[in-house]
Amino acid sequence: MATPTTEGETSADGASLTGGEAVVRALAAHGVTDAFGIPGTHNLEIYRHLRAHGIRHVTPRHEQGAGYAADAYARVSGRPGVAITTTGPALLNIAAAVGQAYSDSVPLLVVSPGMPLRHPRQSTGLLHEMRSQTEALRGVAAFSHRVSSVDEIGSAVARAFTLFRTGRPRPVHIEVPLDLLETVEPAGPVRRAPLTGPPAPDPAAVGKAADVLRAARRPALVLGGGARSAAAECAALAEGLGAPAVTTANGKGVLDERHPLSLGVSLHSPAVQKWLADRDVVLAVGTELAESDLWGPPPALTGTLIRVDVDPAQMYAGLPADVSLVGDARVLLGALLAHWRGGTGDVPSEPGGVPADPAGVRALRAARDDETRTRDARWLPYLHAVRRVLAEDAVLTSDSAQCCYYGALPHLLLGPEGRYLHPTGFGTLGYALPAAIGAKTAYPERQVVALSGDGGLQFSVQELATAAQLRLPLPVVVFDNGGYGEIREEMAARGDTPTAVDLPSVDLPALARAYGGRGAVVRSPEELADALALALSTPGPTVLTVPETVPEVPEESPR
């Protein structure tokens, strides 16, 4: 079968293929080597061709798990994640993962069958029939494309990869009518999304931003997930400005969190928000500055806001930009540094700068930590134990759990080599375990650890079977607070009697063993460190349950 030799070329291949093989051929043409999903009656023609086209398949135990795994695969590898479902309930099962990928700007491609081409509008009771799969997915994805011929399949896949490469990454759904999957038709040439370089920066906008930064006396950086490809440029700017940098959850570790300029993930801190509002210049890179980052409305900034984002809509969303830089963060910040170095500003070409006011930065960190010292004390010794064991390039996956958003996000320190994957914005439960499987699929040699609470883990606990089948060395650290701790506390804060939030204790280590893994209850940070080290070298999942208690508050800040 002829294939394109360079990006953007098409072959003269006039072969007739089934729709199922056309799907797989198109995926392989775009470099897809891994897919996640569950075979079903209507998608078997897709599965029939995966192996022949060199695509490895991972079978989670639920479609939502397939979506989260593909999401994490995309986040750590930089390549789009691919998930395959069957019709109806399977597609709806993955919808939550699609919503999460949309919220966090993740390139996720979901492929599913749909009702036959000439299926009548009137319901006929066909297996998995629903009114409109495309309308359902259109509400959570960037687009849902229902093809009408085998030849159109290649164009639909190329359209998806074009979106992934040229704009803000978002999830996409492609639907192939189930009769078309089995139909043999001319598939047309192999089509691939063309390579497109980032647009050249606007010199006037770059110059204006450089002038504003050069005149700044109290600058600050806010770094989001869109800054990840520009970590070196962000560090150089922070050091040249002497500007502390605060990150969003998705931007965690863009600037090493042990750097003297780092404020870590603390946009939600009242002390940090008050400080941010007083800056004369704020440079926000690759972030929405959203309520999910700030845990409330945005602060009323008194200075000039420079926004750098690939999405032009962010320039007037939330906090409107005073100076807009639209495009790839690495390209724009590189141009900004070059312009600055050509002017009168002294920006170091190598890392190693120190804050203009180191005592002030330390005081701000202390004020931030004092706000939550009592609440966070229960997690900190255990999180420090986790940090001691892990390599610098370890990947941690996170759930929407107190131990994660109160504990690990601000307090488990990472650098640019590591990754922390958290379901921000959409805030789904059950993300951590299947996401860890996806990350481990992308990078089998890197350490991967899932962090969760007992409530969230049970949304996707069946994926322990997937990790056991694949023999993935995968520690799952679970902080057990006996149910839905956050909601319990919110009810109590309202003066309500906590209702439906206390869950009977589950022996999660025993459940892990039943699935073919290992498990233990750990009652001290030392026990956790030892058990974690063993789990990282033991094939299969290991559930390590930490019963939550609130220890005596330490006298000094954990930092």
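*Asks:* Describe the packing of helix α8 (residues 203-214) against helix α12 (residues 329-341), and please don't skip the residues or the numbers.
*Replies:* Relative to each other, α8 and α12 sit at 60°, their axes nearing to 9 Å. Comparing the axis directions of α8 and α12 gives the class oblique. Taken as a pair, α8 and α12 cross one another with a handedness that is right-handed. Listed contacts from α12 to Val 206, Gly 207, Ala 209, Ala 210, Asp 211, Leu 213 and Arg 214 of α8 are Ala 335, Leu 336, His 339 and Trp 340. The class makeup of the residues in the contact of α8 with α12 is seven nonpolar, two polar and two charged.

*Asks:* Go over the sheet that holds strand β11 (residues 262-265), please, and point to the residues and values.
*Replies:* Strand order in this open sheet of six strands is β11-β10-β9-β12-β13-β14, and the pairing throughout is parallel. Each end of this open sheet is capped by a strand with a single partner; those strands are β11 and β14 (323-326). Averaged over all pairs of adjacent strands, the angle between their axes in this sheet comes to 15°, without regard to strand direction.

*Asks:* Please give an account of unusual backbone geometry that cites residues and values.
*Replies:* A positive phi angle, near 60°, is found at Trp 295, a position not held by glycine. By the secondary structure assignment, Trp 295 is in the loop between α11 (291-294) and β13 (304-309). Note on Trp 295: relative accessible area 38%, which makes it partly exposed. Although it is not a glycine, Arg 471 adopts a positive phi angle of roughly 55°. Inspection of the secondary structure assignment puts Arg 471 in the loop between α19 (463-470) and β18 (474-480).

*Asks:* Now, about the pairing of strand β4 (residues 81-84): what can you tell me, with residues and values included?
*Replies:* Of the two faces of β4, the one carrying Gly 81 and Ala 83 and the one carrying Val 82 and Ile 84 are both buried. Of the pairings in the sheet, the one linking strand β2 (residues 34-37) to β4 comprises two bridges and is parallel in character. From the neighbouring strand, Gly 37 faces β4, where its bridge partner is Ile 84. Bridge count between β4 and strand β5 (residues 108-114): four bridges; the pairing is parallel. Each residue of the ladder has a partner; that of Ala 83, found in β5, is Val 110. The handedness of the β4 to β5 crossover, carried by helix α4 (residues 89-103), is right-handed.

Rules behind the numbers
Residues numbered from 1 in each chain as written. Predicted model: local features only at pLDDT ≥ 70, side-chain atom pairs only at ≥ 80, totals over all residues. Heavy atoms only, no water. Axes fitted to C-alpha atoms, helices over the stretch in contact; angles between N-to-C directions. Helix = DSSP H or I, 4+ residues; strand = E, 2+ residues; numbered from the N terminus. Parallel < 35°, antiparallel > 145°, perpendicular 65-115°, else oblique. Left-handed = near helix turned anticlockwise from the far one by under 90°. Contact = heavy atoms within 4.5 Å. Nonpolar A, V, L, I, M, F, W, Y, C, P; charged D, E, K, R; others polar. Pairing = 2+ DSSP bridges. Buried < 20%, exposed > 50% of the residue type's maximum accessible area, 1.4 Å probe, protein only. Right-handed = clockwise from strand over helix to strand, strands pointing away.

Purely geometric numbers; function is a separate question.
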